[in-house]
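# Coordinate analysis (summary)
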Amino acid sequence: MAKSNNLIGILNFLSFLLSLPIIGGGVWLSSRASSTDCMKFLQWPLILIGIAVMVVSLAGIAGACYRNTFLMYVYLWAMFFVIAALVFFVIFAYSATEKGSGRPVMNRVYLDYSLQDYSGWLADRVSAPVYWAKISDCIRASHACRKLHRYIGGFPESPELFYLRKLTPIESGCCKPPTSCGYTYMNETFWISGGGLTGTDPDCAQWSNEQHQLCYSCGSCKAGVLASLKKSWRRVSVINVIILIILVLVYVVALAAVRHNKQLDEAHGETRMQKARPSRLF
């Protein structure tokens, strides 16, 4: 029985350590939400799940050390619900970011982004005026477009060099007009229409050379945010899937150890009862 309790304690210490990258992933998403993705939503459920894993693991360690059966059963039930919550989180993150990707552009290294390529709950939430007002303000405050500027010999870089740059989704969607609009490059955030003619994309009319406006009202900017979110959420989800598999294995082994302890307790109980009975020979 002591060996089983030691095993349970070690497994719970392992799950305690696993809670740290879960919380770390939430903190990373939070930092991205404040400076890059500008979508503060998914990080808090992830942080709460990590904290729950940490607290439940401590309860399991205490139950194993003090051989408290009640705490062990609380640990098993609580860990079951935590694992279920993590499964739901992973499924939600993948389903919410399933659709949409950048469009390749001829003679360009960067991709263009269109809101038409995205659909579902997350796209509707980002596009909602009440949320987009906050997101676009966050992008402006991050100075993402201002950071695009490069100077060579005191002059802005040439169009040929700019077309070879690998822009982030937000830089491509929010800081320049869509390539299909046919605007002429002057610098990274200043483009002019050729002969007054623009493409049929509704974003073409939304583009402005005013540095506080640019393409922040464009569908391409919203698509860029969605593409950035997809990239961030998928990275965290890959880590969470690995952690989830390990947690399930830890849970199964801990459950088997608790059942083994229960069987030993029942066996010891029967032995004590038999010793306590008076001998029939007397």
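The rules behind these values
- Residues numbered from 1 in each chain as written.
- Predicted model: local features only at pLDDT ≥ 70, side-chain atom pairs only at ≥ 80, totals over all residues.
- Heavy atoms only, no water.
- Helix = DSSP H or I, 4+ residues; strand = E, 2+ residues; numbered from the N terminus.
- Buried < 20%, exposed > 50% of the residue type's maximum accessible area, 1.4 Å probe, protein only.
- Polar contact = N/O pair within 3.5 Å; in protein donor to acceptor, adjacent residues only side chain to side chain.
- Contact = heavy atoms within 4.5 Å.
- UniProt positions renumbered as here; feature names shortened; annotations may be inferred.
- Disulfide = S-S within 2.5 Å.
- 1 Å grid on protein atoms, 1.4 Å probe; cavity = no way out; pocket = protein on both sides within 12 Å on 5 of 7 lines; lining within 4 Å.
- Points joined across faces, edges and corners; volume = space filled by probe spheres on them.
- Nonpolar A, V, L, I, M, F, W, Y, C, P; charged D, E, K, R; others polar.

## Considering the side chain of Asp112
Tracing the backbone through its elements, the reader meets Asp112 in strand 2 (residues 111-112). Overall, the relative accessible area of 10% leaves Asp112 in the buried class. Only 2.8 Å separates the side chain of Asp112 from the side chain of Lys176, close enough to count as a polar contact. What Asp112 contacts, discounting residues up to four positions off in sequence, is Gly102, Arg103, Val105, Ser172, Lys176, Pro178, Thr179 and Ser180.

## Focus on the UniProt feature "transmembrane region" (unreviewed entry) in the protein chain
Under the local residue numbering, the UniProt record ascribes the feature "transmembrane region" (unreviewed entry) to residues 6-29, 41-64, 70-94 and 238-258. Secondary structure content for residues 70-94 is 100% helix and 0% strand, while the C-alpha to C-alpha distance between its ends is 37 Å.

## So, the state of the cysteines
Evaluated as defined, the whole model comprises four disulfides. Two residues share a disulfide in this structure: Cys174 and Cys221, whose sulfurs sit 1.9 Å from each other. Between Cys174 and Cys221 the sulfur-sulfur dihedral comes to about 90°; the bridge is accordingly right-handed. A residue pair is termed long-range when its members are at least 10 positions apart, and Cys174 in helix 7 (residues 169-174) and Cys221 in helix 9 (residues 219-276) qualify at 47 residues. With its sulfur 1.8 Å from that of its partner, Cys215 forms a disulfide with Cys218. The disulfide joining Cys215 to Cys218 has a torsion of about -90° about its S-S bond and is therefore left-handed.

## Topic: the layout of surface pockets
In this structure, the second largest pocket spans a volume of roughly 260 Å³. In terms of lining residues, the second largest pocket is bounded by 15 residues, among which Arg103, Tyr113, Ser114, Ser180 and Asp201 are the most central. Among the elements of the structure, strand 1 (103-104) and helix 9 are those that each provide at least two residues to the lining of the second largest pocket. Each residue belonging to the lining of the second largest pocket can be placed in one class, and the counts come to six nonpolar, five polar and four charged.

## A closer look at unusual backbone geometry
What you tend to see is this: most non-glycine residues have negative phi, and most peptide bonds are trans. One non-glycine residue, Asn107, lies in the positive phi region at around 65°. Relative to the elements of secondary structure, Asn107 occurs in the loop between strand 1 and strand 2. Its relative accessible area of 63% is what places Asn107 among the exposed residues. The backbone of Leu214 shows a phi angle near 45°, a positive value even though the residue is not glycine. For Leu214, the position within the fold is in the loop between helix 8 (203-206) and helix 9.

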